[in-house]
Amino acid sequence: MTAAPETVEMTVKNHSPAKLGLMQFLAGGCAGFVEVSIMHPLDLIKTRFQIQRGPDDPHRYTSLADCFKKMYRQEGALSFYKGILPPLCAEMPKRAVKFFTFEQYKTMYSYNSFLSQGVVFTLAGLSSGLTEAIIINPFEVVKVKLQSERGTISQQKSTYATAREIINQHGVRYFAGKGMTATLGRHGVFNMIYFSFYHNVKGIVPQYEDPVTEFCRKFVIGLIAGTLASCINIPFDVAKSRIQGPQPVPGQIKYSRCFATMLTIYREEGYLALYKGLLPKVLRLGPGGAIMLLVNEHAFEWMKNNF
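Per-chain numbering applies: the sequence of each chain, read as written, is numbered from 1 onward. Predicted model: local features are reported for residues with pLDDT of at least 70 only, side-chain atom pairs are reported and counted for 80 or more only, and whole-chain, interface and lining totals are derived from all residues. In computing side-chain values, all of the structure's heavy atoms are included and hydrogens and water are not.

1. So, the nonpolar core
To keep it simple, the criterion reads: For this analysis, a nonpolar core means a set of buried residues of the types Ala, Val, Leu, Ile, Met, Phe, Trp, Tyr and Cys, connected via side-chain atoms within 4.5 Å. The buried label goes to any residue with under 20% of its type's maximum accessible area, the exposed label to any with over 50%, and the partly exposed label to all in between, with areas taken from a 1.4 Å probe on protein chains only. Helical segments are the DSSP runs of H or I of at least four residues, strand segments are the runs of E of at least two, and each set is numbered from the N terminus. Here a residue-residue contact requires only that any non-hydrogen atoms of the pair lie within 4.5 Å.
Judged by nonpolar contacts, the single largest core of 29 residues is most densely connected at Phe 99, Tyr 194, Phe 195, Cys 258, Met 262, Ile 265 and Leu 293. Elements represented by at least two residues in this core include exactly α3 (85-110), α4 (117-148), α7 (180-204), α8 (211-244), α9 (258-269) and α10 (278-306). Considering every element that reaches this core, the biggest residue donor is α8, with eight residues. Beyond its immediate sequence surroundings of up to four residues, Phe 195 is in contact with Lys 98, Phe 99, Phe 102, Phe 121, Gly 125, Ser 128 and Leu 293. Formed by eight residues, the second largest nonpolar core is a distinct cluster that contains Leu 44, Ile 45, Phe 49 and Tyr 61.

2. Overview of the packing of α8 against α9
Here is the rule: An axis is simply a line fitted to the C-alpha atoms; with a helix, the fit covers only the stretch in contact. Between two such axes, the angle follows the N-to-C directions and lies from 0 to 180 degrees. Orientation labels follow simple angle bins: below 35 degrees gives roughly parallel, above 145 gives roughly antiparallel, 65 to 115 gives roughly perpendicular, and whatever is left gives oblique. Charged residues are taken to be Asp, Glu, Lys and Arg, nonpolar residues to be Ala, Val, Leu, Ile, Met, Phe, Trp, Tyr, Cys and Pro, and polar residues to be all remaining types, Gly included.
Following both chains from N to C, one finds α8 and α9 inclined at 95 degrees, their axes separated by 9 Å at the closest point. By the criterion of interaxial angle, the relationship of α8 to α9 is roughly perpendicular. Contact with α8, carried on its side by Pro 235, Phe 236, Val 238, Ala 239, Arg 242 and Ile 243, involves Cys 258, Phe 259, Thr 261, Met 262, Ile 265 and Glu 269 of α9 and no other residues of that element. Here the residues of the contact of α8 with α9 are counted per class, giving nine nonpolar, one polar and two charged.

3. Examining the side chain of Ser 230
The line we're drawing: Here a polar contact is recorded for every N or O atom pair within 3.5 Å, except that within protein the pair must consist of a potential hydrogen donor and a potential acceptor, and residues adjacent in sequence are included only if both atoms are side-chain atoms.
Following the sequence through the fold, Ser 230 ends up in helix α8. A distance of 2.7 Å separates a polar atom in the side chain of Ser 230 from the backbone oxygen of Gly 226.

4. Side note on the pattern of salt bridges
Filter applied, for reference: By convention in these notes, a salt bridge is any Lys or Arg side-chain nitrogen within 4 Å of a carboxyl oxygen on Asp or Glu.
Across all of its chains, the model carries 25 salt bridges by this definition. The shortest N-O distance in the salt bridge between Lys 106 and Glu 103 comes to 3.0 Å. Of the two residues, Lys 106 and Glu 103 both sit in helix α3, three residues apart, roughly one turn of that helix.

5. Description of helix α1 (residues 17-51)
Each α-helix turn comprises 3.6 residues. Residues three or four places apart therefore point the same way. So the rule is basically this: Each residue after the first adds 1.5 Å to the expected span of a helix. Values of bend correspond, residue by residue, to the angle between axes fitted over the seven residues ending at that residue and the seven starting there.
For α1, with 35 residues, the first-to-last C-alpha span of 44 Å runs short of the 51 Å given by 1.5 Å per residue. At Met 39, α1 is deflected by roughly 65 degrees, the largest bend along its length, and proline Pro 41 occurs up to four residues later in sequence.

6. Notes on the state of the cysteines
Applied cut-off: Disulfides are defined as pairs of cysteine sulfur atoms found within 2.5 Å of each other.
What the rule picks out here adds up to zero disulfides. Lacking any disulfide linkage, Cys 231 is separated from the closest cysteine sulfur, that of Cys 258, by 18 Å. The class for Cys 258 is buried, based on a relative accessible area of 5%.

7. Here's the deal with the packing of α4 against α8
Stated precisely, the cut-off is as follows: In this scheme the crossing of two helices becomes right-handed for a clockwise turn of the near helix relative to the far one and left-handed for an anticlockwise turn of less than a right angle.
For the pair α4 and α8, interaxial distance at closest approach is 9 Å and the crossing angle is 70 degrees. One way to sum up the angle between α4 and α8 is to call them roughly perpendicular. Crossing of α4 against α8: the hand is right-handed. Across the interface between the two elements, Asn 137, Glu 140, Val 141 and Val 144 from α4 touch Lys 240, Ser 241 and Gln 244 from α8. Class assignment for the residues of the contact of α4 with α8 results in two nonpolar, three polar and two charged.

Next up, the structure:
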């Protein structure tokens, strides 16, 4: 098995910056659509674990298998796709923004000669995550509300009706900004680690001539990147789910601010409660992260070669 260094992309010079930017945007959108379509059930289960509280919670799931079994029996098979429309509507532009802005920030930070390439990848990832969070937060508010409802999917209101209900009850500012700090933390930390690890490690591990081996090389690096980022950013994810999800006592706001919510969870439920939903999150964003990176790269290369 022979290895070769990473090759330089030779077709970039044939396209204008505007056209390349459009291709990056579209490739990111393709990556988001594929990843959500495959991995959404695990995202839903992650949210269910994160919004449940201590042993006195009547809707408590004891394990991943218990959650699958109870949801299937009580809510039906389609319940695993509750709340999928907001991420589907959001993931294409969201992932498009993620990959497009990462490339733009990477170019911008590269002009600073004092920054090493590794630091450039890290800063570009952080900046793309913060940008992504601002755009995606309203969709997250709707998604978490839909995912937290425990009736059958036929009983559930539509995505549009749910969004309109939230706006009518709480106003546009609530709809756009509920849990924003936690969302910024979640996406900023995730993208910072995700892109930094993938691009730095990919540049160190030699590229292989065999297509299957090369695919496996990139997939494994992407898998580790998604897994590592998921493990580190999950306290922000738990706080976001608590803030955007149903409050323990209707009419009383217990979870409203990111770091105060983390502190409350730690004091009342222990340190491990900040890692609720870690297993389904890793099962989703480990392989999901790899899928996104590979779909994005292949879609971008295909568009460069055919348009």
